[in-house]
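Remarks on the overall topology
The residues making up each chain are set out below.
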Amino acid sequence: MAVPSAFSAFSACSVPVVSADPVVPSQGRARHAETSSAFPASRDHRSLRPHLTELRLSAFASHRGAAFPLGPLTLLAGPSGSGKTSALRAYEALARLGGGDELGEVFADPRAWVPERARPDAQRRRGFRIGCTADGPEGPVRLDVAVQAEPDLRIVGERLTSDGLVLLETALRDPARRAVQAAWHTAGATPVTRAPLPDDRLGTALLPLRVAGKTDGQRRVLAAAEQMVVALRSVFACDPRPDRMRLPVPVGSGRLLGGCDNLADVLGRTRAECGRRHAQFVSAVREGCAGSVVDVLAEPLGDGTVRAVLGRGDGVRTALGRLGDGELRYLALALVLFTGPGVLEVDPAGEVPAAMQALTVLADDVDRRLDPRQRTQLLGLAARMCGRGHIRLLGTTADASWAAGTDGVTVVHLEP
């Protein structure tokens, strides 16, 4: 299947044409990945949950021709300027687009992500390209997206493929219209179906509303698109902010924010809803905080607010405001690993059973402020929780030597 001139706009944006072939790491930016133990080749119950296995940054910020393998627990390691944070931003952007967000909401400053040396064409157009692969019941499904950042922000091309078959392809045909021409696999009396799609939303996320599912081809398109969307949508970007965690917070929804500001409110909920899991959380906190810890709880203050405290035993309680930054970050990240979409402030695919979804936590500078004992304990906890299949973690760190030898950890090394 092909859309005439489907990817002509990519060259206009001074980025390479999307290819269904594997991305080859660019020269001059050496990268390699280490996995401490091989993942099972058999497709057990965990592999039925759609999840990303690769992030591609064909032309994004400082990255060109980059491909990052993603395991259940992945650390991007490298010095400042190697592109770790921008890789997380690309992942989060794909997740938001997969959830139906408009392009302008996802990329508030799109020019910041255009490769520095990308040259504009005669119409002064430049852009960037990102993509990913999602595995699941339908096998590997690839998504590649090209975005024009200037002079106008728009999606100028998109390609969804499975087993080498192009299931969806879009291209900007008329720059004067706010739409792209799309063609998707039908395999019925008509091989493909063509229709315009808006240029500010991900076409893959719109397919379930556009494809009837009457032919085998249409059903295959729907299954692949839904797998990609489910794999992308459940993402929680987490960066605990100790200065805010120390303060009392109003009683609210009980859903944890990305900065973990409202951790005290969430503790009251998690402690009441699942005693067994809360006990496991307390045990983990005990390993990363100084002194005796027999409980972690929310203490009402009588004015509609609560504060988080550590129960030390014999009635002694320590407010979180007295803890160090490393202890607070460790505690917050441990809580995230023990919870899920129902507790975290994320938008999971409500039409998909929770047992078929995997939450991905994005944690930039994951070991910041942690001492060696805390980061070792947190890594072990993350490996155990990610190994169960319901949660995945993609984090960054300047030096991942402390993660060497931990089973189930994939380390991707980046260089400037």
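See the structure shown above.
Computed from a predicted structure; not experimentally measured. (Residues numbered from 1 in each chain as written. Predicted model: local features only at pLDDT ≥ 70, side-chain atom pairs only at ≥ 80, totals over all residues. Heavy atoms only, no water.)

On to the overall build of the chain. Counting its secondary structure elements, the chain contains ten helices and 18 strands. For the chain, the proportion of its 416 residues judged to be buried stands at 55%. Taking contacts inside the chain between residues at least 6 apart in sequence as the whole, the part at least 24 apart equals 64%. For the chain, the exposed surface amounts to about 17,300 Å²; the carbon and sulfur share of it is 51%. (Helix = DSSP H or I, 4+ residues; strand = E, 2+ residues; numbered from the N terminus. Buried < 20%, exposed > 50% of the residue type's maximum accessible area, 1.4 Å probe, protein only. Contact = heavy atoms within 4.5 Å. Areas by Shrake-Rupley, 256 points an atom, 1.4 Å probe, with all protein chains shown as cover.)

What follows deals with the pairing of strand 6 (residues 141–150). For strand 6, the buried fraction is high: ten of the ten residues fall into the buried class. As paired strands, strand 5 (residues 126–135) and strand 6 are joined by nine bridges and run antiparallel to one another. Across the sheet, residue Ile-130 finds its bridge partner in strand 6, namely Val-145. The hairpin formed by strand 5 and strand 6 contains five residues between the paired strands, and Gly-139 there has a positive phi angle of roughly 80°. (Pairing = 2+ DSSP bridges.)

For Thr-397, the position within the fold is in strand 17 (residues 391–397). By relative accessible area, which is 1% here, Thr-397 ends up buried. Among the polar contacts listed, one links the side chain of Thr-397 to the side chain of Asp-367, at a separation of 3.1 Å. Engagement of the side chain of Thr-397 in a polar contact is seen with the backbone oxygen of Asp-399, the distance being 3.2 Å. Filtering out sequence-adjacent residues up to four positions away, Thr-397 remains in contact with Leu-75, Leu-76, Ala-77, Gly-78, Lys-84, Asp-367 and Trp-402. (Polar contact = N/O pair within 3.5 Å; in protein donor to acceptor, adjacent residues only side chain to side chain.)

If charged atoms from side chains of opposite charge come close, those side chains can pair. All told, the structure shown has 24 salt bridges when counted by the stated rule. A salt bridge links Arg-56 to Glu-54, with the shortest nitrogen-to-oxygen separation between them at 2.8 Å. The exposure class of Arg-56 is buried, given its relative accessible area of 0%. A salt bridge links Asp-365 to Arg-368, with the nearest nitrogen and oxygen atoms 3.4 Å apart. Linked through salt bridges whose partners overlap, the residues forming this network are Glu-54, Arg-56, Arg-142 and Asp-144. (Salt bridge = Lys/Arg side-chain N within 4 Å of Asp/Glu carboxyl O.)

Given two aromatic rings, their pairing is described by the distance between the two centres and the angle made by the two planes. Counted by the stated rule, this structure contains four aromatic pairs. Members of the aromatic cluster, each reached through a chain of ring pairs, are Phe-60, Phe-107, Trp-113 and Phe-128. (Phe/Tyr/Trp six-rings, centres within 6.5 Å; stacked < 30°, edge-to-face > 60°.)

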